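# Summary of structural features
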Amino acid sequence: MYSRGQFAVMGKVGRKALRLYHEEGLLVPAYQNEENGYHYYAEEQLAVLERIKRLRGIGLSLFEIRQVLDGRASEDKLVRGRIREMSEQVRAMKELAASADSPADKGPGTKGGKPGECMPDIRGFERKACLYVDENVGREVLGMSVGRLYEKAAREGRTVTGSHFVIYTGLADEESFSMRTCLPVSGPDGEGVIGIREEKCLHLVFRGGFSKTGEAHVLMRKYAEEHDIALADTVIEVYNRDMSVDVYYPLPG
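Report on the accompanying structure. (Residues numbered from 1 in each chain as written. Predicted model: local features only at pLDDT ≥ 70, side-chain atom pairs only at ≥ 80, totals over all residues. Heavy atoms only, no water.)

The next point concerns the packing of aromatic side chains. Scanning the entire structure with this criterion turns up five aromatic pairs. Consider the rings of Phe7 and Tyr41, whose centres lie 4.4 Å apart with planes at 10°: the pair is stacked. Highlighted residues: Phe7 in helix 1 (residues 4-11) and Tyr41 in strand 3 (residues 39-41), separated in sequence by 34 residues. When the ring of Tyr168 is compared with that of Phe177, the centres are 6.2 Å apart and the planes differ by 25°; the resulting orientation is stacked. For Phe177, a relative accessible area of 8% translates into the label buried. Following the ring pairs from residue to residue traces out a cluster consisting of Phe125, Phe165 and Tyr248. (Phe/Tyr/Trp six-rings, centres within 6.5 Å; stacked < 30°, edge-to-face > 60°. Helix = DSSP H or I, 4+ residues; strand = E, 2+ residues; numbered from the N terminus. Buried < 20%, exposed > 50% of the residue type's maximum accessible area, 1.4 Å probe, protein only.)

Let's shift gears to the sheet that holds strand 1 (residues 2-3). By definition, the strands of a sheet pair up through backbone hydrogen bonds, in either a parallel or an antiparallel sense. Strand order in the open sheet formed by three strands is 1-3-2, with antiparallel pairing between adjacent strands. Each edge of the open sheet carries a strand with a single partner, namely strand 1 and strand 2 (31-32). As judged from the two bridges shared by strand 2 and strand 3, these two strands associate in the antiparallel manner. When the sheet's bridge partners are listed, Gln32 is paired in strand 3 with His39. (Pairing = 2+ DSSP bridges.)

What follows concerns the nonpolar core. Core analysis: the biggest nonpolar cluster contains 19 residues, and Phe7, Leu18, Tyr21, Leu27 and Leu49 have the highest contact counts within it. Those elements that place two or more of their residues in this core are helix 1, helix 2 (15-23), helix 3 (45-57) and helix 4 (62-69). The leading source of residues in this core is helix 3, at four residues. (Core = buried A, V, L, I, M, F, W, Y, C linked by side-chain atoms within 4.5 Å.)

What follows is the structure, encoded as C-alpha cells:
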C-alpha cells in the first residue's frame, strides 16, 4: 500500500488530481485508515491511473472516463470519436494557416525508450546552491516552475550548474506532504537560495523516461524491503538532459 503522497509521486500527478479522481469515483483508494483518515493505494492501481491520464490527455471528460472505467461506454468508440474531432481541428488549423500564408508547424517527433538494466546503490547527494520554489503541482506543469527558476537565475546573473530536481517530503503523511522544485546555480547564498545535502541515499539511475519514473519507485521500495533498508520520508528526483532520472531515497540516521 502507498500513501496518497507516495502514489502521487509514483503516478506523476498532483495530490489534487488524486482527490478529484477519488471524488468523481474514477480512482478510489484501496484502503482508508479509520484512526487518522489517511488514504492508501495499491500498486495495481497505477495501471488505472495511467489509463485515466491517457484518456484525459486526449481530451475525454471525467464523466466519459468514468463511463469507460465502469464498462458503460466503449473506450474504442470514444477514442475514435475524439480522433475525428481532432482531425477536424487539424484541418481547420491548416486552412487558417494557409489563408494567412503561413504554413502549419509540424510537431516534434517522439522518441521512445526502454528502462535500461540498473541496480540501486548507496551514495550521497549534494547541491551547494540552488534556487527553489515550493508548490504542489502535477508533473505536467512542472516545466512552468522550472522555467521561472531559469528566469530568476538569468535576472540574478547566475549560471545554471546542473539538472533541475524535485524534493518530495512527508510521503507517508497527507497533511505534511510537500514538493520543492530546485535548480542548481553558481553564486553566493541569498534569499531564495538553499543548499541540499544528504549523507547517504538509496540511489537508482532510471532510463525509462520521465513519464515512467513510477517504475523506479516500485523497484527501489521492493529492493529496500528485500535488503532490510530503512528509507526516510523523502525522495529526490533529478531530471537529466538525456531523459534519465536519478532517484534518491535518503537513509535515516
